[in-house]
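# Descriptive analysis of the structure
What follows is each chain in one-letter form.
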Amino acid sequence: GEACRLVTVSAPREGIVLNRGVSAGTAVDPSTEILTIADLSRVWVIAELAEADVAQVRTGTSATLSFPMSSREPFLAKVEFIYPTLTEGTRTVRVRLPVPNPDGALRPGMYGSAEFPPVARDALTVARDAIIDTGESQHVFVHTSQNVLEPRQVKVGARLADRVEILQGLTPRDHVVTEGVFLI
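Attention here is on the structure that accompanies the text. Each chain has its residues counted from 1, running along the sequence as written. Selection of residues for local features in this predicted model requires a pLDDT of at least 70, selection of side-chain atom pairs for listing and counting requires 80 or more, and totals for whole chains, interfaces and linings are taken over all residues. Excluded from the side-chain calculations are hydrogens and water; all other atoms, namely the structure's heavy atoms, are used.

## Topic: the nonpolar core
As used here, the term nonpolar core means buried Ala, Val, Leu, Ile, Met, Phe, Trp, Tyr and Cys residues forming a set that is joined through side-chain atoms within 4.5 Å. Burial classes follow relative accessibility: with a 1.4 Å probe on protein chains only, a residue under 20% of its type's maximum area counts as buried, one over 50% as exposed, and anything between as partly exposed. Of all hydrophobic cores here, the largest spans 20 residues; its most connected members are Leu65, Val95, Leu97, Val99 and Phe116. Going along the chain from the N terminus, every DSSP run of H or I of four or more residues is numbered as a helix, and every run of E of two or more is numbered as a strand. Among the secondary structure elements, those contributing two or more residues to this core are strand E3 (42-50), strand E4 (62-66), strand E5 (75-78) and strand E7 (92-100). Core analysis: the second largest hydrophobic core is formed by 10 residues, Ala130, Ile131, Val142 and Ile166 among them.

## Section: the packing of aromatic side chains
Two rings belonging to Phe, Tyr or Trp (six-membered ring only in the last case) form a pair when the distance between their centres is within 6.5 Å. Interplanar angles under 30 degrees mark stacking, angles over 60 mark edge-to-face geometry, and anything in between is tilted. Summed over the entire model, instances satisfying the criterion amount to 2 aromatic pairs. A ring pair is formed by Phe67 and Phe75, whose centres lie 6.3 Å apart and whose planes are at 20°; its orientation type is stacked. A positively charged side chain is recorded as over a ring if its NZ (Lys) or CZ (Arg) lies within 6 Å of the ring centre. The angle to the ring normal must also be within 35 degrees. One cation-aromatic arrangement involves Arg72 over Phe75; the distance from NZ or CZ to the ring centre is 4.0 Å. Stacked on the ring of Tyr83, the Lys or Arg Arg94 has its end atom at 4.2 Å from the ring centre.

## Re the sheet that holds E7
Read across the open sheet, the 3 strands follow the order E3-E7-E6; overall the sheet is antiparallel. Looking at the sheet topology across the chains shown, the edges are occupied by E3 and strand E6 (81-87). Ignoring which end each strand starts from, the neighbouring axes of this sheet average 30° apart. At least two bridges found by DSSP between two strands are what make those strands a pair. Bridging between E6 and E7 involves 4 bridges; their strand directions are antiparallel. Across the sheet, the residue bridging to Thr87 is Thr92, located in E7. To get an axis, a line is fitted to the C-alpha atoms, and for a helix only the part in contact is used. The angle between two axes follows their N-to-C directions and goes from 0 to 180 degrees.

## With respect to the pattern of salt bridges
Only one rule defines a salt bridge in this text: a Lys or Arg side-chain nitrogen within 4 Å of an Asp or Glu carboxyl oxygen. A complete count under the given rule lists 4 salt bridges for this structure. In this structure, the salt-bridge partner of Arg96 is Glu80, at a minimum N-O distance of 3.0 Å. Here Arg96, found in strand E7, pairs with Glu80, found in the loop between E5 and E6; they are 16 residues apart in sequence, far enough to count as distant. Its relative accessible area of 35% is what places Glu80 among the partly exposed residues. Look at the salt bridges and you will find they share partners, linking Glu150, Arg152 and Asp174 into a network.

## A closer look at the environment of Thr36
Within the element layout of this structure, Thr36 appears in strand E2 (residues 35-38). Between the alpha carbons of Thr36 and Leu18 there is a distance of 5.4 Å; along the sequence they are 18 residues apart. In the analysis that follows, any N or O atom pair within 3.5 Å is treated as a polar contact, provided that within protein one partner can donate a hydrogen and the other can accept it, and provided that, for residues neighboring in sequence, both atoms belong to side chains. Engagement of the side chain of Thr36 in a polar contact is seen with the side chain of Glu33, the distance being 2.6 Å.

## A closer look at the sheet that holds E4
If you trace the 3 strands from one edge of the open sheet to the other, you get E5-E4-E8, paired in antiparallel fashion. Because the sheet does not close on itself, it has two edges, and the strands there are E5 and strand E8 (113-115). For this sheet the average axis-to-axis angle between neighbouring strands, irrespective of direction, equals 40°. In this structure, E4 lies alongside E5, joined through 4 bridges in antiparallel fashion. Considered in E5, the bridge of Thr64 is made with Leu76.

See the structure below:
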């Protein structure tokens, strides 16, 4: 019931001090955060996936993680949790991968990369240059049996380096113009 000038405070667990919220001589009350302590022997790696790639990743999916500024070689980790919301500014979904960190080489705030294995599937694709994107819809030009180039609206899916998946609007038998479509 008496105010004390000096008080000893013991941490409930051991760890690394990440933040010191007070300095010598600061008055504190029960709502004051004095120290932030973390056990960094196991850390969470948060990876951001493009909205189009999220469907290929599930809880338990392995990824190769690499952190060039750490002393660790690339290593495998498994997705433990997929966040249910989309980051609007970047159009990405975050996934969490827990990683053992006994040597402390991985530090909070460190940047790295996560590489997920590709998921093989059958898909109809066209060259990226074949797509005409008006901003409201996507079209390709199809060479018809009457020797005419017909614009056809398509629905696109995954985008690869030089190919685009077509979800609707084409069949495997269609002949699509792949070069110079802006001149037509």
